[in-house]
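What the coordinates show
Spelled out from the first residue to the last, the chains are:
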Amino acid sequence: LGGRARSVTGALAGTTRDAILARVALAPGLEADLADLAGLEPDAADARSDARTPAAIVEAMQRRAREILRVADIVLRCTPVGAPRVAIDGEGAPAGVRLVEVATQCDDLASSPPHDAIATSARTGAGLDALRAHLAGRLRADQALRRAELAAVLPRHDAALAAAEMALCDAA
């Protein structure tokens, strides 16, 4: 979605240690901050005993990932097609409408993506426009709901925010 590589990646779990943040354009006038989280591997606890990954690093990865999950408006669970989904549980776990399933590496024709996932391929770009459109729709719906909640409490502030939003969209 970001349009370019932002980190070192590899088949070995733990290649990327930090949360990688990127601002991406989802639609004209609508941008979002995406975070690619390290540390949510199902066997992350086992990595503590791995000589290659000190326990303090694994724990810091987990802590940072949970902090980002807690404040995210939408969480994308990106799973390579044919691979099992990583459980996202515990404190900060997304529930219901916050979670969007994304099947990655869908250019691998040996497997079919799950029916509840948006199929994508970073290699070919397939599905990325559909994912952007889905996220834009979800964010716009969330913004409308927040505006409606605000309007019920502070009508003049809601009108000022709506006017400001229109002016910003017109300027973009």
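No experiment lies behind these values; they were computed from the predicted model shown.

1. Remarks on unusual backbone geometry
The phi torsion at Gln105 lies on the positive side, around 60 degrees, for a residue other than glycine. Position of Gln105 relative to the elements: it lies in the loop between strand S4 (99–104) and strand S5 (118–119).

2. Regarding the sheet that holds S4
The sheet built from 3 strands is open, its strands ordered S3-S4-S5 with parallel pairing. Of all the strands in the sheet, the pair left with one neighbour each is strand S3 (75–80) and S5. Two elements, S3 and S4, share 6 bridges in a ladder whose sense is parallel. Bridge assignment links Leu76 to a residue of S4, and that residue is Val100.

3. With respect to the environment of Leu37
When you line up the elements, Leu37 lands in the loop between strand S2 (30–36) and helix H1 (55–71). Sequence separation between Leu37 and Leu69 is 32 residues; the distance between their C-alpha atoms is 9.0 Å. What Leu37 contacts, discounting residues up to four positions off in sequence, is Ala19, Ala65, Ile68 and Leu69.

4. Overview of the pairing of S2
Bridge count for strand S1 (residues 20–27) against S2 is 7 bridges, and the pairing is antiparallel. Residue pairing in the sheet places Arg23 in a bridge with Asp33 of S2. Between S1 and S2, which pair antiparallel one after the other, the connecting turn spans 2 residues, and Gly29 there sits at a positive phi close to 80 degrees.

5. Comments concerning H1
End to end, H1 covers 25 Å across 17 residues, agreeing with the expected 24 Å (1.5 Å per residue, within 8%). Three or more residues of H1 are buried, namely Val58, Met61, Gln62, Ala65, Arg66, Ile68 and Leu69. End-on, the buried residues of H1 take up no more than an arc of 165 degrees, which puts them together on one face. Across H1 from its buried face, at more than 90 degrees, point the exposed residues Ala56 and Val71.

6. Some words on the nonpolar core
Within the largest apolar cluster, 12 residues are counted, these being Val24, Leu26, Ala27, Leu30, Ala32, Val100, Val102, Ile118, Leu131, Leu135, Ala136 and Leu139. Among the elements of the structure, S1, S2, S4 and helix H2 (128–153) are those that each provide at least two residues to this core. Top contributing element to this core by residue count: H2, with 4 residues.

7. A look at the confidence of the model for the protein
The predicted model of the protein has a mean per-residue pLDDT of 75, with 67% of residues at 70 or higher. Ranking the elements of the protein by mean pLDDT puts H2 last, at 76, and S5 first, at 94.

Calculation rules
- Residues numbered from 1 in each chain as written.
- Predicted model: local features only at pLDDT ≥ 70, side-chain atom pairs only at ≥ 80, totals over all residues.
- Heavy atoms only, no water.
- Helix = DSSP H or I, 4+ residues; strand = E, 2+ residues; numbered from the N terminus.
- Pairing = 2+ DSSP bridges.
- Contact = heavy atoms within 4.5 Å.
- Expected span 1.5 Å × (residues − 1).
- Buried < 20%, exposed > 50% of the residue type's maximum accessible area, 1.4 Å probe, protein only.
- Arc of directions from axis to C-beta.
- Core = buried A, V, L, I, M, F, W, Y, C linked by side-chain atoms within 4.5 Å.
- pLDDT = per-residue confidence, 0-100.

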